[in-house]
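Tertiary structure, described
One-letter residues, chain by chain:
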Amino acid sequence: MLTRRIIPCLDVKGGRVVKGKSFINLRDAGDPVKLAGFYYREGADELVFLDITATPDGRNTMVDVVERISNEVFMPLTVGGGLRNINDMRRMLMAGADKVSVNSAAVLNPEIIREGAARFGSQCIVIAIDAKQVGNGKKPRWEVYISSGQKPTGLDAIEWARRAVALGAGEVLLTSMDADGHRAGYDNDLNRTVSEAVNVPVIASGGAGSLEDLYQALAAGKADAVLAASIFHYGKYSIGDTKRYLAGKGIPVRI
Amino acid sequence: MGGRVLPAHRLIIMIAVIDYGAGNLRSVANAVARLGYEPVVTSNARDVREAPVVIMPGVGAAADTMFNLRKHRLVTAVRQRIVENKPFFGVCMGLQVLCSRSEEGGGCECLSIIPGQVRKLPPGLKVPHMGWNQVRQKVNHPIFNGIPDGTNFYFVHSYYVAPDDKNLVAGETEYGITFCSMLVQGNLVATQFHPEKSGEFGLKMYDNFIKSALGNK
């Protein structure tokens, strides 16, 4: 049986891992290569690196970081943040990334998804969506934001997820901007709605504060994988604790 | 060396990782290097025929893979190597293209080294089949030394192989259906999963293969 994935996320700025609260107030949480090795040994299923420097210098640093990580850990690596074109994607994949995630660039130019999928395969292309709930009717809606959550796009998150998958994205990395950084649980209405709308895996992101939160994202949110940062980085829970807890609740995990 | 002068690369190439323009070969080369060997990434047909150990990675589409193998004039070398039972490890698309034909992209003729079809995973499931899943061992084989039955390996694929000869199935995995996730025929080993992405047990599988290949030389 396919197991659900537990994915630590490392936000990298200038070659160092940081974690924000709702994308602001960054705190330093360490060396990405060391953290990657740590999570590899702990039994994480995959790692996501988001380069939040978003400058050409930062991108060169990131290529170097990815190369060093791929020498050390033998698990799937996804890299995103500021990738603007096919060449940016190619550099990360050649450096050792297995998948690249695109966010703002894909909204501004959806063809990048089609081109990336044609060139590297759908399994390499992750559509990252930052979504914020709009309105307060009985049927929730979510709007897509870009530029690190700074800029509303008017796009409906569910429709955008469907369209990105139709263009060739092989996975959705879905972040709730409302939940992100608050450690009070994922937005599982959002997770479930997207997971049921597309036929590719969905990674739930934003809001993990407890193991129960991870469980709910997989159970109620129907996510295929859960991503979390601070609860792992600051040692609140180990990957082992997390998986034993989930296994006890009947979720298939790799232990 | 006994005073013999050989071309430099003949001394170096023990483990060839086939490069036919199929993207990320670094992970496979890194995994082999971690085991203490010196992998050489090559698209040279002679290396593919003669290196003691050959690993053929691969991601992407079957038609592109076949196109690239032809473009690099590697079809004959790969076929000859496997027919001669020289150690060969195919990974993911490096397994699928060994079969006769793939359903992918409306149908694609493959290398026809292993009689069998490459089929799309059944509907109703998320595709790609992406993540860690168990491999049930169907044979006793040194490739599994130190690897428990049911170990999780990392998969990412939308098609699976169905070899005509079920005796070749060395490992099975369930995702909606039970499919052949690993195949062994003499010194040919091929996996649908990615050992280079499957942690310490993945490395162990490459180590078992390389040790046995170099021992058989």
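So, here's what we can say about the structure. (Residues numbered from 1 in each chain as written. Chains lettered and ligands numbered in written order. Predicted model: local features only at pLDDT ≥ 70, side-chain atom pairs only at ≥ 80, totals over all residues. Heavy atoms only, no water.)

This next bit is on the nonpolar core. Across soluble globular proteins, you tend to see nonpolar side chains buried next to one another. Membership of the largest hydrophobic core comes to 112 residues, with the highest contact counts inside it found for A:Phe49, A:Ile113, A:Ile129 and A:Val172. When neighbours within four sequence positions are excluded, A:Val172 is seen to be in contact with A:Val126, A:Ile127, A:Ile129, A:Val165, A:Val194, A:Val198, A:Val200, A:Pro201, A:Val202 and A:Ile203. Among the nonpolar cores identified, the runner-up in size contains 35 residues, and B:Cys108, B:Val161, B:Val169 and B:Leu188 belong to it. (Core = buried A, V, L, I, M, F, W, Y, C linked by side-chain atoms within 4.5 Å. Buried < 20%, exposed > 50% of the residue type's maximum accessible area, 1.4 Å probe, protein only. Contact = heavy atoms within 4.5 Å.)

What follows concerns the interface of chain B and chain A. The interface of chain B with chain A comprises 31 residues on the first partner and 34 residues on the second. Summing both sides of the interface, chain B and chain A together bury roughly 2600 Å²; the carbon and sulfur share of this comes to 51%. When the buried area of chain B at its contact with chain A is split by residue, B:Lys126, B:Met130 and B:Trp132 rank highest and sum to 29% of it. On the surface where chain B and chain A come into contact, there are three salt bridges. Here the side of chain B that touches chain A gets six residues from one element, more than from any other, and that element is strand E8 (residues 129-134) of chain B. The residue inventory of the side of chain B that touches chain A, partitioned by class, reads 11 nonpolar, 12 polar and eight charged. (Buried area = accessible area lost by both parts, 1.4 Å probe. Salt bridge = Lys/Arg side-chain N within 4 Å of Asp/Glu carboxyl O. Helix = DSSP H or I, 4+ residues; strand = E, 2+ residues; numbered from the N terminus. Nonpolar A, V, L, I, M, F, W, Y, C, P; charged D, E, K, R; others polar.)

What follows is about the packing of aromatic side chains. The relative placement of two aromatic rings is captured by the distance of their centres and the angle of their planes. Summed over all chains, the structure comprises 10 aromatic pairs over all chains. Seen in terms of ring centroids, B:Phe155 and B:Phe193 are 5.6 Å apart; in terms of plane orientation they differ by 70°. Their pairing is edge-to-face. One end of the pair, B:Phe155, is in strand E10 (residues 152-157); the other, B:Phe193, is in the loop between strand E14 (188-191) and helix H7 (199-215), and 38 residues separate them in sequence. Chaining the aromatic ring pairs together yields one cluster made of B:Phe153, B:Phe155, B:Tyr160, B:Phe179 and B:Phe193. Positioned above the aromatic ring of A:Tyr215, the side-chain terminus of A:Lys249 is 4.5 Å from the ring centre. One residue, A:Arg254, lies across the ring of B:Trp132, its end atom 3.5 Å from the ring centre. (Phe/Tyr/Trp six-rings, centres within 6.5 Å; stacked < 30°, edge-to-face > 60°. Lys NZ or Arg CZ within 6 Å of the ring centre and 35° of its normal.)

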